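Structure at a glance
Letter by letter, the chains look like this.
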Amino acid sequence: MFEMRTCLSAVVLVLLMSLASAKIQHSQVDTDDRMLIPLTEAFGFADNGKIDITISDIAIYTKHDTETDYNLANFGFFLSSLEADASLEEDLSDESKCILTEINSLFTFKDSAIKKVIDKELMNVTFHFNVVNGGPFYLYFANCEKDTPISFDAHIEMYNYDNRGRKDYLSIGETELDTVFWIMFALFTSTTIFWFVFVWKNRQHSHKIHYLMGGLGAFKALTVLSQALMYHYIETTGHADGWNIAYYIFTFCRGILFFTVVVLVGTGWSYMKPFLGDKEKRILMIVVPLQVFANIAIIITEEESPAVKDWFTWRDVFHLVDIICCCAILFPIVWSIKHLREASQTDGKAARNLEKLTLFRQFYVMVVVYIYFTRIVVYLLKSTMQYQYAWVSEAADQLATLAFYVW
């Protein structure tokens with residue numbers, strides 16, 4: 001009943017959020033006076049990749065009582081390569097210079113068409129650009145006018161062309177992801193079906209926790225299925241077509257089940273004792289609400305563009321909460337190990353308790369290895385791999401998860 005309520009709350013939460021646009025992004029800047037506004041995450045362009053920017057609803061505000069005293073050439077868009085991105089903060093430290101004069105900007109507000117949008121003579125204007133030399137690029141908006149907030153809406157399309165001349169909205173290195181997800185869906189589905197069949201055939205020795213494990217595998221398979229379909233539609237249309245909502249719902253339910261199952265296994269619930277102690281209940285009461293916050297952070301970082309002021313804060317919140325949850329679930333395992341160690345020295349079932357103690361130690365090691373690999377090693381892979389091989393880190397993450405579930 002509790003799982004049903006949490007899943008329903010996830011549905012309500014997701015439906016309240018705006019739909020994702022994936023590589024077709026809608027960035028809304030509202031009265032923002034930051035010198036540098038990131039509009040997109042890094043996108044891997046092939047040679048002669050394309051970027052289309054449609055801008056509308058431009059409004060420039062001054063914090064003075066005087067008439068307009070800003071230079072339109074000091075507002076503009078530019079692409080920054082992955083290598084040059086690290087030096088942007090240093091370039092911004094010299095306020096006597098405008099970054100738009102130091103680089104090759106895509107366009108500035110000095111453009112005659114932009115002036116017409118500002119003066120409300122045009123509703124919007126679209127610019128088309130060709131990225132001759134491919135690579136990972138960030139799109140930024142620069143505002144070199146101090147104390148001059150600005151508002152605008154930007155519709156951004158970034159894409160390459162596939163071998164058939166069709167638009168491919170996935171970044172180079174991500175085009176293999178739908179294949180990865182389809183393969184993992186087949187593996188998770190077959191593993192889950194095998195598990196349910198095995199549990200049913202041995203139902204006289206099965207416990208409730210075994211059925212929860214099967215439910216976890218089912219939700220993981222559904223999560224991977226939604227990812228496969230989401231990336232397929234993003235690749236062809238630039239939009240997730242609603243599969244992002246399914247992904248958030250399944251991810252939420254899987255996250256709750258995963259941490260719950262690990263805590264329950266770590267406490268020996270169902271197969272060693274039919275109840276939870278106060279300590280274990282407190283752990284669950286901490287982990288479940290944290291998972292709600294983590295999924296809110298996921299939705300915000302996925303649905304909004306980096307142009308939102310608090311986007312990076314929400315991304316950091318997700319990572320922090322995820323690490324806290326991972327650390328919290330280790331405590332019940334440690335308590336069980338301590339209890340079994342003490343029991344093996346006091347009662348007459350030393351051999352049986354030592355056998356259980358060995359199993360719990362192995363489980364503890366596996367959980368630690370899984371957390372370390374998926375939270376640290378995968379992150380390092382993602383950070384260090386060439387952009388053409390961005391799919392490798394995701395494949396490693398999925399294979400590690402499958403190995404942990406099977407074990």
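Residues numbered from 1 in each chain as written. Predicted model: local features only at pLDDT ≥ 70, side-chain atom pairs only at ≥ 80, totals over all residues. Heavy atoms only, no water.

**Things to note about the overall build of the chain**
Applicable threshold: Helix and strand definitions here come from DSSP, where helices need a minimum of 4 consecutive H or I residues and strands a minimum of 2 consecutive E residues; each element is numbered from the N-terminal end. Relative accessibility under 20% of the residue-type maximum defines a buried residue, over 50% an exposed one, and the middle range a partly exposed one, all with a 1.4 Å probe and only protein chains included. We call two residues in contact when some of their heavy atoms are within 4.5 Å. Computed by Shrake-Rupley with a 1.4 Å probe, the accessible areas treat only the displayed protein chains as cover when residues are assessed.
From N to C terminus, the chain includes 13 helices and 10 strands. Taken over 407 residues, the chain has a buried fraction of 47%. Partitioning the contacts of the chain with sequence separation of at least 6, the portion at a separation of at least 24 is 80%. For the chain, the exposed surface amounts to about 21,400 Å²; the carbon and sulfur share of it is 59%.

**Some points on the pairing of strand 5 (residues 75–81)**
Inclusion rule: Two strands form a pair only when DSSP identifies at least two bridges running between them.
Most of strand 5 is tucked away, with seven of its seven residues classed as buried. Here strand 5 shows two buried faces, one formed by Phe75, Phe77, Leu79 and Ser81 and the other by Gly76, Phe78 and Ser80. Relative to strand 8 (residues 135–143), strand 5 is paired through seven bridges, and the arrangement is antiparallel. Residue Ser81 lies in a different strand from strand 8, and its bridge partner there is Phe137. Of the strand pairs in this sheet, strand 5 and strand 6 (residues 107–108) are connected by two bridges, and their pairing is antiparallel. Note that in strand 6 the partner of Gly76 across the bridge is Thr108.

**Remarks on helix 13 (residues 390–406)**
The criterion, for reference: Expected span of a helix, by definition, is 1.5 Å for each gap between consecutive residues, and there is one gap fewer than residues.
Taking 1.5 Å per residue as the helical rise, helix 13 with its 17 residues ought to reach 24 Å, and the 26 Å between its terminal C-alpha atoms agrees with that figure. Among all positions of helix 13, only Ser393, Glu394, Ala395, Ala396, Gln398, Ala400, Thr401, Leu402 and Phe404 are buried.

**Topic: the packing of helix 6 (residues 177–201) against helix 7 (residues 208–237)**
Packed helices, taken two at a time, are described by the angle between their axes plus the distance between the axes. Short version of the rule: A fitted line through C-alpha atoms represents every axis, and for helices the fit uses only the stretch in contact; the resulting angles, taken between N-to-C directions, go from 0 to 180 degrees. In what follows, roughly perpendicular refers to angles from 65 to 115 degrees, roughly parallel to angles under 35, roughly antiparallel to angles over 145, and oblique to any angle outside these ranges. Handedness of a helix crossing follows the sense of rotation of the near helix relative to the far helix, less than a right angle counterclockwise being left-handed and clockwise being right-handed. When residues are sorted by character, Ala, Val, Leu, Ile, Met, Phe, Trp, Tyr, Cys and Pro go into the nonpolar class, Asp, Glu, Lys and Arg into the charged class, and all the rest, Gly among them, into the polar class.
Where helix 6 contacts helix 7, the two axes come as close as 8 Å, and the packing angle between them is 160°. Classed by the angle they form, the pair helix 6 and helix 7 counts as roughly antiparallel. Every pair of crossing elements has a handedness; the one defined by helix 6 and helix 7 is left-handed. The residue inventory of the contact of helix 6 with helix 7, partitioned by class, reads 19 nonpolar, eight polar and three charged.

**Here's the deal with the pattern of salt bridges**
To keep things clear, this is the line we draw: Any carboxyl oxygen of Asp or Glu that lies within 4 Å of a side-chain nitrogen of Lys or Arg is treated as forming a salt bridge with it.
Considering all chains together, one arrives at two salt bridges under this definition. A salt bridge links Arg34 to Asp32; its shortest N-O distance comes to 2.7 Å. Exposure remark for Arg34: the relative accessible area of 22% places this residue in the partly exposed category. Using a relative accessible area of 2% as the deciding quantity, one classes Asp32 as buried. Linking Asp162 and Arg166 is a salt bridge whose minimum nitrogen-to-oxygen distance equals 3.2 Å.

**Here we look at the confidence of the model for the chain**
In low-pLDDT regions, the fine details of the predicted coordinates are not to be read closely. To keep things clear, this is the line we draw: Each residue carries a pLDDT score, the predictor's own confidence in it, on a scale running from 0 to 100.
This prediction gives the chain a mean pLDDT of 79; 77% of its residues lie at or above 70. Within the model, pLDDT remains below 50 along residues 1–21, and this stretch shows 31 contacts once partners closer than five positions in the same chain are excluded.

**Some details on the packing of aromatic side chains**
The following threshold applies: Any pair of Phe, Tyr and Trp rings, taking the six-membered ring for Trp, is counted once the centres come within 6.5 Å. Such a pair is stacked with planes under 30 degrees apart, edge-to-face with planes over 60 apart, and tilted for the rest. Look at NZ for Lys and CZ for Arg. If either is within 6 Å of the ring centre and within 35 degrees of the ring normal, a charge sits over the ring.
The full count for this structure, using the stated rule, is 28 aromatic pairs. Each ring, one from Phe107 and one from Phe129, has its centre 6.0 Å from the other, and the planes form 0°; the classification is stacked. Here the residue Phe107 occupies a position in strand 6, and Phe129 occupies one in strand 7 (residues 124–131), the gap between them amounting to 22 residues. The buried category is assigned to Phe129, whose relative accessible area is 18%. Positioned over the ring face of Tyr159 is Lys167, at 4.6 Å from the centre of the ring. Taking NZ or CZ as reference, Arg203 lies 4.2 Å from the ring centre of Trp200, over its face.

**A word on unusual backbone geometry**
With a phi close to 65°, Asn48 is a non-glycine residue in the positive phi region. One non-glycine residue with positive phi stands out, namely Asp57, at about 50°. Tracing the chain through its elements places Asp57 in strand 4 (residues 49–60). On the basis of relative accessible area, Asp57 is assigned to the partly exposed category, the value being 46%.

**Concerning the packing of helix 7 against helix 13**
The contact between helix 7 and helix 13 brings their axes to 12 Å, and the two run at 165°. Relative to helix 13, the element helix 7 is oriented roughly antiparallel. Remark: the crossing between helix 7 and helix 13 carries left-handed chirality. The segment helix 7 lies against helix 13, with Leu216, Lys220, Val224 and Gln227 engaging Glu394, Gln398, Thr401 and Tyr405. A per-class count over the contact of helix 7 with helix 13 returns three nonpolar, three polar and two charged.

**What to know about a nonpolar patch on the surface**
Here is the rule we go by: Here a patch means residues that are over 30% exposed by relative accessible area and free of salt bridges, tied together within 9 Å if like-charged and within 5 Å if nonpolar (Val, Leu, Ile, Met, Phe, Trp, Tyr).
Taken together, the side chains of Tyr372, Ile376, Tyr379 and Leu380 make up a nonpolar region of the molecular surface, amounting to roughly 430 Å² of accessible area. Residue position: Leu380 is located in helix 12 (residues 350–384). For Leu380, a relative accessible area of 45% gives the class partly exposed.

**Comments concerning the state of the cysteines**
Let me state the cut-off plainly: Disulfides are defined in this document as cysteine sulfur pairs within 2.5 Å.
With the rule as written, the count across this model stands at one disulfide. Paired through a disulfide, Cys98 and Cys144 show a sulfur-sulfur distance of 2.0 Å. What sets the handedness of the Cys98 and Cys144 disulfide is the S-S torsion sign, and at about 75° it is right-handed. You can see Cys98 sitting in the loop between helix 3 (88–92) and helix 4 (99–102) and its partner Cys144 sitting in the loop between strand 8 and strand 9 (150–161), a full 46 residues away along the chain.

**What to know about the environment of Ala307**
Positionally, Ala307 belongs in the loop between helix 9 (278–303) and helix 10 (311–328). With relative accessibility at 3%, the residue Ala307 sits in the buried group. Sequence spacing of Ala307 and Leu36 is 271 residues, and the spatial spacing of their C-alpha atoms is 9.5 Å. The residues touching Ala307, leaving out its near neighbours within four places in the chain, are Ser27, Val29, Asp32, Arg34, Ile37, Pro38 and Leu39.

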